[in-house]
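# Reading the structure
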Amino acid sequence: MTTTDWIIDIALLLIVFRQMREERLTARTILLPLGIIGWAATTYLHHIPTAGNDLLLALLFAGAGIAFGLFGGLLTHVRYAGGHVRIKASLSAAALWVLSMGFRLGFAVWSSHPSGGAHVAHFSAAHDITSSQAWVVALILMAFGEVVVRLGTIVVRGQLLLARANREQTAAPAPAPRPGAYV
């Protein structure tokens, strides 16, 4: 792993910790993690291998990332206050994020050492995974799926709250009670 790999992984971990304090949902909140994974995708995704079970591996990891992202987005507190959508990562959402990012980081470190590399090579041969690029693609697509789905879930929840608040503001006020009327 290079220094850049460490910086990217740590930056993605720190994003969720920053969100453990409540903040407004803004374009920056959305674009920063997308920018980080976009950079990682352009840096590491040179091609997507499709031989053997390479594509299946990528799809399985992407599916795991999507599941992590969905649960992370649902476990994030989203509320409407003061005319703005506000978000705050719950402890569960942060733990899920750290678990998934930590898994990818741990796998990268482990597989770069001789014994880990030997285990990955043996597993790959036994399961018809044809190249190390298949593992890179799988891990990147897992992160991509998690980040995009988590953000998408939060944004959709925020938009639903915003729409509900707008409906409540434009709804006709309730008729005033008539004096002396029994209801």
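Above this text you will find the structure in question.
Residues numbered from 1 in each chain as written. Predicted model: local features only at pLDDT ≥ 70, side-chain atom pairs only at ≥ 80, totals over all residues. Heavy atoms only, no water.

## Overview of the sheet that holds strand β1 (residues 23–24)
The criterion, for reference: Between any two strands, at least two bridges found by DSSP are needed for them to pair. Under the scheme used here, helices are H or I runs from DSSP no shorter than 4 residues and strands are E runs no shorter than 2 residues, and both carry numbers assigned from the N terminus.
Ordered in space as β1-β3-β2, the 3 strands form an open sheet in which the pairing is antiparallel. Both outer strands of the open sheet, β1 and β2 (76–81), are each paired with one neighbouring strand and no more. Alignment of β1 against strand β3 (residues 84–89), held across 2 bridges, turns out to be antiparallel. Note on β3: the bridge partner recorded for E23 is I87.

## Brief notes about the packing of aromatic side chains
Going by this rule: Stacked, edge-to-face and tilted are the three classes for Phe, Tyr and Trp ring pairs, Trp counted by its six-membered ring, which pair at centre distances within 6.5 Å; planes under 30 degrees apart are stacked, over 60 edge-to-face, the rest tilted. Each residue's exposure class comes from its accessible area (1.4 Å probe, protein chains only) as a fraction of the maximum for that residue type: buried when under 20%, exposed when over 50%, partly exposed otherwise. Consider the ring centre and the ring normal. A charge sits over the ring if Lys NZ or Arg CZ is within 6 Å of that centre and within 35 degrees of that normal.
The tally for this structure, following the rule as stated, stands at 7 aromatic pairs. Both rings, one in F61 and one in W135, keep their centres 6.0 Å apart while their planes meet at 85°; by these two values the pair is edge-to-face. Remark: W135 occurs in helix α6 (residues 132–170) and F61 occurs in helix α3 (residues 54–75); sequence separation between them is 74 residues. Owing to a relative accessible area of 15%, F61 belongs among the buried residues under this scheme. Within the aromatic cluster, the residues linked to one another by ring pairs are F61, F103, F107, W110, F123 and W135. Stacked on the ring of W97, the Lys or Arg R150 has its end atom at 5.4 Å from the ring centre.

## Looking at the layout of surface pockets
The criterion, for reference: Residues are called lining when one of their atoms sits within 4 Å of a cavity or pocket point, these points coming from a 1 Å grid over the protein atoms alone, where a cavity is a set in which a 1.4 Å probe fits but cannot get out and a pocket is an open set with protein on both sides within 12 Å along at least five of seven lines. Grid points are joined across faces, edges and corners, and a volume is the space filled by probe spheres set on the points. Polarity classes work like this: nonpolar for Ala, Val, Leu, Ile, Met, Phe, Trp, Tyr, Cys and Pro, charged for Asp, Glu, Lys and Arg, and polar for all others, with Gly in that last group.
Within this model, the largest pocket holds a volume of roughly 650 Å³. Lining the largest pocket are 26 residues, and of these R104, A108, W135, V136 and L139 sit closest to its centre. Listing elements by their share of the lining of the largest pocket, those giving two or more residues are α1 (3–18), α2 (27–44), α4 (91–111), α5 (114–126) and α6. When residues in the lining of the largest pocket are grouped by element, the largest group, 7 residues, is from α6. Grouping the constituent residues of the lining of the largest pocket by class yields 18 nonpolar, 5 polar and 3 charged.

## Things to note about the pattern of salt bridges
Which entries qualify depends on this criterion: Salt bridge criterion: a side-chain nitrogen from Lys or Arg within 4 Å of a carboxyl oxygen from Asp or Glu.
Scanning the model with the defined rule gives 3 salt bridges in all. Close ionic contact of E22 with R79 constitutes a salt bridge, the shortest N to O distance being 2.6 Å. With E22 in the loop between α1 and β1 and R79 in strand β2, the pair connects residues that are 57 residues apart, well separated along the chain. For E22, a relative accessible area of 29% corresponds to the partly exposed category. For R86, the salt bridge is made with E22, and the minimal N-O distance between the two is 3.2 Å. Pair noted here: R86 is in strand β3 and E22 is in the loop between α1 and β1, with a separation of 64 residues, a long-range link. A single salt-bridge network, built from bridges that share partners, covers E22, R79 and R86.

## Here we look at α5
Filter applied, for reference: A helix is expected to span 1.5 Å multiplied by its residue count minus one. What the arc covers is the set of directions going from the helix axis to the C-beta atoms. Residues count as neighbours in contact if any of their non-hydrogen atoms are within 4.5 Å of one another.
Here α5 spans 18 Å end to end across 13 residues, near enough to the 18 Å set by a 1.5 Å rise per residue. For α5, the complete set of buried residues consists of G116, V120 and S124. All buried residues of α5 lie within an arc of 70° about the axis, which places them on one face of the element. Looking at α5, the residues exposed on the side facing more than 90 degrees away from the buried face are P114, H119, H122, A125 and A126. Contact partners of the buried residues in α5: α4 and α6.

## Points about the side chain of D54
We apply this condition: Note on charges: Lys and Arg go in the positive column, Asp and Glu in the negative column, and His and the chain ends are not counted at all.
Within the secondary structure, D54 is located in helix α3. No salt bridge is formed by the buried D54; its nearest oppositely charged neighbour, R104, is found at 19 Å. Setting aside residues up to four positions removed in sequence, D54 forms contacts with P49, D128, I129, T130, S131 and A134.

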